[in-house]
Amino acid sequence: MFDKEKINDIKKKREEWESSTLKKVLDRFPERKKKFTTISGTEVERLYSPLDIEDFDYNEKLGFPGEYPFTRGVQPTMYRGRLWTMRQYAGFGTAEETNKRFKYLLEQGQTGLSVAFHLPTQAGYDSDHPLSMGEVGKVGVAVDSIEDMKVLFDGIPLDKVTTSMTINAPATVLLAMYLAIAEEQGVPFDKVGGTVQNDVLKEIICRGQYIFPPQPTMRLTVDLIEYCYEHVPRWNTISISGYHIREAGSTAAQEMAFTIADGIAYVQACIERGLAVDSFAPRLSFFFNAFTNVLEEVAKFRAGRRYWAKIMKERFGAKNPKSMMMRYHVQTGGVTLTAQQPLNNIVRVALQAYATALGGAQSLHTNSYDEALCLPTEQAVTVALRTQQIVAEESGATETIDPLAGSYYVEALTDKIEAQIDEYIKKIDELGGTLKAIELGYIQKEIQESAYRFQKEIESGERIYVGINKYVMEEPPLTNILKVDPKIGEMQVERLKKLRAERDQKKWKEALDNLREVSKSDENVMPAVIEAVKARATVGEICDVWRDVYGEYRPKEFV
Amino acid sequence: MSSDKDRKIKVIVAKPGLDGHDRGAKLLARIFAEAGMEVIYTGLRQTPEMIVQTAIQEDADVVGISSLSGVHNYFFPKVVELLRQNGMDDVLVVGGGIIPAEDIPKLKEAGVAEIFGPGTPTQKIVDFIKENVRRK
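Thresholds applied
Residues numbered from 1 in each chain as written. Chains lettered and ligands numbered in written order. Predicted model: local features only at pLDDT ≥ 70, side-chain atom pairs only at ≥ 80, totals over all residues. Heavy atoms only, no water. Axes fitted to C-alpha atoms, helices over the stretch in contact; angles between N-to-C directions. Helix = DSSP H or I, 4+ residues; strand = E, 2+ residues; numbered from the N terminus. Parallel < 35°, antiparallel > 145°, perpendicular 65-115°, else oblique. Contact = heavy atoms within 4.5 Å. Nonpolar A, V, L, I, M, F, W, Y, C, P; charged D, E, K, R; others polar. Buried area = accessible area lost by both parts, 1.4 Å probe. Salt bridge = Lys/Arg side-chain N within 4 Å of Asp/Glu carboxyl O. Buried < 20%, exposed > 50% of the residue type's maximum accessible area, 1.4 Å probe, protein only. Phe/Tyr/Trp six-rings, centres within 6.5 Å; stacked < 30°, edge-to-face > 60°. Lys NZ or Arg CZ within 6 Å of the ring centre and 35° of its normal. Pairing = 2+ DSSP bridges. Core = buried A, V, L, I, M, F, W, Y, C linked by side-chain atoms within 4.5 Å.

Participant: So what about the packing of helix α6 (residues 171-184) of chain A against helix α8 (residues 214-231) of chain A? Which residues, and what values?
Facilitator: Residues and elements named next belong to chain A. Running from amino to carboxyl end, α6 crosses α8 at an angle of 30 degrees, the nearest separation of the two axes being 9 Å. Our classification of the angle between α6 and α8 gives roughly parallel. Residues Ala-171, Thr-172, Leu-175 and Leu-179 of α6 pack against Leu-220, Leu-224, Tyr-227 and Cys-228 of α8. In the contact of α6 with α8, the residues fall into seven nonpolar, one polar and no charged.

Shown next as structure tokens:
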């Protein structure tokens, strides 16, 4: 990018600057800290210049938007063509309440839905299971059967709105319900669009909503991918998630590296199933976090796009450019929010949303300022949505593509993060692949180590966190808190009783028996799951069939 | 053994219910161990019965429960109650996680000694345990 002579010239100038102008000041006023680091602990130099990206090859490293290696973005026009999808993760209480919140968000200009299911649904238990005690409707909406799902999407046209569902081990079940409802609305499967998270590996690594052991749970993941390729072409079949890895304490580079490692495992599994890489890879999507250190996040996103494109092309021999695109959703960092002085969180979220826009995401959820205390109130959700609307409409981040490209610092950091990702992928390959690395606890321990380091930095005061270890003040507790009706547990149990009493018992039993047989065979389970949900089988009943056939995952703890 | 004042404080770090947020629990398990305590981490998906069973088996001095999924009002008092029923009234029960301030008085009334919210310095939790543990 720079010719030799110019570089030597700059080098000379820089040395002069260091020994004269800079030195004079440093001698009298030492810098605030000996070492400056990003929030991930990566050392940051005083100044970046062409010397830091001396051998920078523009065409090789960046290229052009919509083209390999996609560093600058996956679409040729990015936000000049269309803004990212504004998609707030929402769900609590009953299907009726969440349906109301969905309609409110759509009225406020949100452009897609994102369903938060309560933990029993995510863990494959019905609301009346002993492990569901106290959990019903708490961190998401209670969905036990297709009847709840119908209420959830009542009055929402499934051919016009795309829906993202945070559901993993039981992803096939919830997708089956969604498809059955689309069918009832008269919407053909090829008009249905959305995403299921379907990323079971990160549940085992850090999120905890696992059900079955790695092998059979991966089989269900691949069944869904295969089925959608054939029948639901607009569906994003998986959302390979770094979000929770970061929440659990990883650095930015680890978030990207371990997510890509999971991605490699899924692609490998699909290929082993006999699917051609260019058939399923265009529907793979990703999900990342965004912390407050804007430039590090931007570098992370750019490095991730470039690295994934290379993996798909070089390791898996993808030919279709769509197979090489890292398309992703972002949620701002939940763990960055403080319970102290909660209004400060609005500023954090704004910076994180800005980083997301500069980084080139396809969709975004902005967190609400009260989420370190409770589920967000309607007021807090509105501020969060407005925050990303301000970033989109006022900040200027959307006017040109990848605006930070060419920044000496951002390019140097992008290269550095890419090198860190590469180091992890090589290490995981050496260990025998992602599943093996998880089994050994390698990935989990790396994340925990980073979480520990961060905590120590906060407690020693080495890293400043406003309201936590500096600028602390006494304050009254936040009083406007969203409360989930404690009666919802009983209500949901009543609903289940009624469902079980009123459904066609013969049809229900046949559907579950058929599912059991199919699950033991090599046949794709999706059609049998769709029949089962239509026969009013519940999430818990379907997962029980699989618990029986596949067994349950029991994690090793690496503390 | 039970009268040995030099015996390490034994802490059960427990994750109740289906909540998977275990960053804080695992971090504290490590911090407690570094502070000279003996720590048993239960892992995820514990019922109150399972937590109390572990406390009995291990003859624990402290049970620390971490919840970020809103189940504290059900779980924390239930654990205290089951400990009492099993004659383990002297076990110090502390809690942490996403817990609205207005829920705290009720939890304390039910016998939870202290609630530690997000952003609490870990040393504060260690000190609290050391000062309030009722050694057998």
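Participant: So what's going on with the interface of chain A and chain B? Residues and values would help.
Facilitator: Counting residues at the interface gives 41 residues for chain A, matched by 35 residues for chain B. By the criterion of area lost to chain B, the three top residues of chain A are Leu-131, Tyr-452 and Val-559 of chain A, representing 18% of everything that side buries. At the junction of chain A with chain B, the criterion picks out three salt bridges. Contributions of two or more residues to the side of chain A that touches chain B are made by α4 (119-122), α7 (200-207), α9 (243-247) and α18 (442-460) of chain A. In terms of residue count, the dominant contributor to the side of chain A that touches chain B is α18 of chain A (eight residues). Among the residues making up the side of chain A that touches chain B, the classes are represented as 22 nonpolar, eight polar and 11 charged.

Participant: Account for unusual backbone geometry, with residues named and values stated.
Facilitator: Residue and element names in this part refer to chain A. With an omega of 0 degrees, the peptide bond between Tyr-68 and Pro-69 qualifies as cis. Its place among the elements puts Pro-69 in the loop between α2 (58-61) and β1 (85-86). Non-glycine residue Asn-198 carries a positive phi angle of around 55 degrees. Tracing the chain through its elements places Asn-198 in the loop between β5 (194-196) and α7. Among the residues examined, Asn-198 registers a relative accessible area of 2% and is labelled buried.

Participant: Run through the packing of aromatic side chains, naming residues and quoting values.
Facilitator: Residue and element names in this part refer to chain A. In total, this model carries 19 aromatic pairs over all chains according to the counting rule given. Ring geometry for Phe-212 and Tyr-550: centres 6.2 Å apart, planes at 75 degrees, overall edge-to-face. Linking Phe-212 in the loop between α7 and α8 with Tyr-550 in helix α22 (residues 539-550), this pair joins segments that are 338 residues apart in sequence. For Tyr-550, a relative accessible area of 15% corresponds to the buried category. A network of ring pairs unites the aromatic residues Phe-286, Phe-288, Phe-301, Trp-308 and Tyr-328 as a single cluster. Over the ring of Tyr-68 we find Lys-313, and its NZ or CZ is 4.1 Å from the ring centre.

Participant: For the sheet that holds strand β3 (residues 62-67) of chain B, give the residues involved together with the corresponding values.
Facilitator: All names here are of chain B. If you trace the five strands from one edge of the open sheet to the other, you get β2-β1-β3-β4-β5, paired in parallel fashion. With partners counted over all chains shown, the strands left at the sheet margins are β2 (38-41) and β5 (114-116), one partner each. Between one strand and the next, the sheet's axes are offset by a mean angle of 20 degrees, whatever the strand orientation. Inspection of the sheet shows strand β1 (residues 10-14) paired to β2 by four bridges, in the parallel sense. Bridge pairing in β2 places Val-11 opposite Val-39. Relative to the sheet, helix α3 (residues 72-85) contacts β3, β4 (92-97) and β5, its axis offset from that of β3 by approximately 165 degrees. Sitting on the sheet, helix α5 (residues 122-132) touches β3, β4 and β5, and the angle it makes with β4 is about 165 degrees.

Participant: Explain the side chain of Ser-114 of chain A residue by residue, including any values.
Facilitator: Residues and elements named next belong to chain A. By secondary structure assignment, the location of Ser-114 is in strand β3 (residues 113-115). Looking at Ser-114, the relative accessible area reads 5%, which means it is buried. Ignoring sequence-local partners within four residues, the contact set of Ser-114 consists of Arg-87, Gln-88, Tyr-89, Ala-90, Phe-102 and Ser-164.

Participant: Give me the lowdown on the environment of Tyr-409 of chain A, citing residues and values where you can.
Facilitator: Residue and element names in this part refer to chain A. Assignment of secondary structure puts Tyr-409 in helix α16 (residues 408-431). The exposure class assigned to Tyr-409 is buried, which follows from its relative accessible area of 15%. The sequence separation of Tyr-409 and Glu-45 amounts to 364 residues, and the corresponding C-alpha distance is 8.8 Å. Those residues in contact with Tyr-409 that sit more than four places away from it in its chain are Thr-38, Val-44, Tyr-48 and Leu-295.

Participant: Would you mind going over the environment of Leu-413 of chain A in detail, with residue names and values included?
Facilitator: All names here are of chain A. Here Leu-413 lies in helix α16. Take Leu-413: its relative accessible area is 4%, and that puts it in the buried class. Taking the C-alpha atoms as reference points, Leu-413 and Leu-373, 40 residues apart in sequence, are found 34 Å from one another. Apart from residues no more than four positions distant in its own chain, Leu-413 is found in contact with Thr-42, Leu-295, Glu-296 and Ala-299.

Participant: Any chance you could break down the pattern of salt bridges for me, citing the residues and the numbers?
Facilitator: All names here are of chain A. If you walk through the whole model with that rule in mind, you get 54 salt bridges over all chains. A salt bridge links Glu-297 to Arg-246, with the nearest nitrogen and oxygen atoms 2.9 Å apart. Here Arg-246 lies in helix α9 and Glu-297 lies in helix α12 (residues 294-315), a separation of 51 residues in the sequence. According to the relative accessible area criterion, Glu-297 is buried, its value standing at 0%. Its relative accessible area of 1% is what places Arg-246 among the buried residues. It is possible to trace a salt-bridge network through shared partners that takes in Lys-61, Arg-306, Lys-310, Asp-415 and Glu-418.

Participant: Residues and numbers for the nonpolar core, please.
Facilitator: Counting residues in hydrophobic clusters, the biggest one holds 171 residues, and the most contacted among them are Met-149, Met-165, Leu-174, Trp-308 and Trp-546 of chain A. Ranked by residue count, the leading element in this core is helix α10 (residues 252-273) of chain A, at 12 residues. The contact partners of Met-149 of chain A, leaving out residues within four places of it in the chain, are Phe-117, Val-143, Met-165, Leu-174, Met-177, Tyr-178 and Ile-181 of chain A. In this structure, Leu-82, Ile-99, Leu-107 and Val-112 of chain B belong to the second largest nonpolar core, which totals 23 residues.

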